[in-house]
Amino acid sequence: MSGLSLENVTKTFGDFRAVDDVTLHIPNGAFVCMLGPSGCGKTTLLRMIAGLEEPTAGAIMIDGKDITPVPTHKRNFGMVFQSLALFPHLTVGENIAYPLRIRGVAQDEQRKRVEDLLALVQLPGYAGRPVSKLSGGQRQRVAIARALALSPRLFLLDEPLSALDAKLREAMQVELRQLQQKLGVTTIVVTHDQREAMTMADLVVVMGNGRIRQAAPPIEIYRRPADAFVADFIGSTNLLPVETDGGGRAVVLGHVVPGLALPAGVTKGLVSIRPEDVQLSQVADSGLPGRVTFVRDLGGTIETFVDVGGGTTLVAVTTPRQRGDIAAGAEVSVILPAESCVVVQE
Ligand code: ATP
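Residues numbered from 1 in each chain as written. Predicted model: local features only at pLDDT ≥ 70, side-chain atom pairs only at ≥ 80, totals over all residues. Heavy atoms only, no water.

## Let's talk about the sheet that holds strand 14 (residues 268–273)
The strand order 13-12-11-14-20 describes an open sheet built from 5 strands, whose pairing is antiparallel. In the strand order of this sheet, the two ends are held by strand 13 (255–261) and strand 20 (342–344), each with one partner. Within this sheet the neighbouring strands show an average axis-to-axis angle of 45°, counted without direction. (Pairing = 2+ DSSP bridges. Helix = DSSP H or I, 4+ residues; strand = E, 2+ residues; numbered from the N terminus. Axes fitted to C-alpha atoms, helices over the stretch in contact; angles between N-to-C directions.)

In structure tokens, the structure reads:
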């Protein structure tokens with residue numbers, strides 16, 4: 001099978017399973033973000049793909065060939081880690097040319113390649129500058145250019161943007177995605193920032209406790225989370241207890257949700273509904289009765305917190321245009337459109 005395949009990959013440190021039986025196929029040319037809370041095993045998995053860490057069990061295959069025993073320097077993977085490890089005493093050009101020099105690429109060719117790479121990362125004319133005089137974002141681009149110098153088979157990045165401020169990080173996310181699309185190089189990025197993953201990835205891999213909880217395109221993860229952990233980790237969501245009324249209809253806090261059924265054989269679980277899908281009405285109807293406890297007006301969006309009883313507070317998000325005047329203290333009816341509800345298990 002073409003692409004990168006992880007087959008039952010496990011890594012233990014003593015009796016702790018940092019990565020636990022991970023199986024995943026990444027097609028050639030895909031942009032993958034591995035996402036999950038701190039300590040879930042993302043970096044360990046990336047390091048095993050890179051050949052910096054040996055799996056305790058399982059195999060790593062490229063285009064059907066087992067590369068598990070192949071040492072890092074023979075894998076032809078480009079890598080960028082959080083600490084960029086640029087050589088501070090060298091110029092931008094010398095840093096980028098470094099892997100080419102090690103490979104014995106001719107001087108002229110090195111110069112041409114450095115120019116092309118600098119154009120690619122939008123730093124034309126920077127070859128002679130000292131690395132020490134660059135901004136954080138510029139250093140990041142140099143590290144990316146250096147990692148791409150040998151046209152790697154796979155491009156691996158561990159939290160590459162985490163040292164940048166929020167605005168620059170968002171701009172670099174778009175840049176990185178566009179660069180990857182231009183080159184078509186299979187890319188795996190480790191991040192704990194779900195917005196970053198949603199911006200860049202074809203495939204988001206959500207990890208928890210060393211295992212893959214869900215691997216799917218970003219919008220599918222958002223719309224159809226596999227479980228409560230994924231629903232809560234990706235974006236914000238409301239999680240409400242749900243049970244069947246015996247006839248298959250879904251009951252949330254004592255109220256039937258029209259049109260929502262629990263999957264066959266499931267008697268209870270949680271309903272996940274995104275704040276932008278929750279509808280509030282001031283006309284008493286069949287929705288869940290609730291009381292508005294707080295309104296956060298952020299200008300572009302308004303978040304309305306509603307106490308629906310049973311110790312549960314829901315958040316509804318609207319734009320100022322969509323919403324009538326609902327203030328704290330208002331009695332409202334909360335409508336959960338069945339098509340926006342996903343029944344998940346913990
Ligand atoms: P973060 O987002 O904080 O970097 P992560 O998801 O990348 O976290 P890993 O760095 O892969 O997590 O670590 C997973 C678990 O394995 C952690 O509990 C970590 O303490 C443990 N671990 C990682 N490397 C080693 C090691 N060399 N020896 C022992 N334990 C380790």
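## Details of the domain arrangement of the chain
Assigned domains of the chain: these are domain 1 (4–228) and domain 2 (236–344). Once you take the C-alpha centre of each, domain 1 and domain 2 turn out to be 39 Å apart. Facing 8 residues of domain 1, the contacting portion of domain 2 comprises 10 residues. Interface of domain 1 and domain 2: buried area, both sides summed, is about 680 Å²; carbon and sulfur atoms make up 47% of it. For the interface between domain 1 and domain 2, the tally reads 1 salt bridge. (Domains from an automatic or database assignment. Contact = heavy atoms within 4.5 Å. Buried area = accessible area lost by both parts, 1.4 Å probe. Salt bridge = Lys/Arg side-chain N within 4 Å of Asp/Glu carboxyl O.)

## Observations concerning the pairing of strand 4 (residues 57–62)
Taken together, the 5 bridges between strand 1 (residues 4–13) and strand 4 define a ladder with antiparallel strand orientation. Within strand 4, the position partnered with S5 by the bridge is M61. Here strand 4 runs beside strand 5 (residues 65–66); their pairing, made up of 2 bridges, is antiparallel. Following the sheet pairing, I62 is matched in strand 5 by K65. Taking the residues between adjacent antiparallel strands as the criterion, strand 4 and strand 5 are bridged by 2 residues, where D63 takes a positive phi near 45°.

## What to know about the site of the ligand
In the vicinity of the ligand, the contacting residues are F13, F16, A18, P37, S38, G39, C40, G41, K42, T43 and T44. Measuring from an oxygen atom of the ligand, one finds a backbone N or O atom of G39 at 2.8 Å. Contacts to the ligand include C40, whose backbone N or O atom sits 3.0 Å from an oxygen atom. Breaking the shell around the ligand down by element, the ones donating at least two residues are strand 2 (16–26) and helix 1 (42–50). (Near = heavy atom within 4 Å. Polar contact = N/O pair within 3.5 Å; in protein donor to acceptor, adjacent residues only side chain to side chain.)

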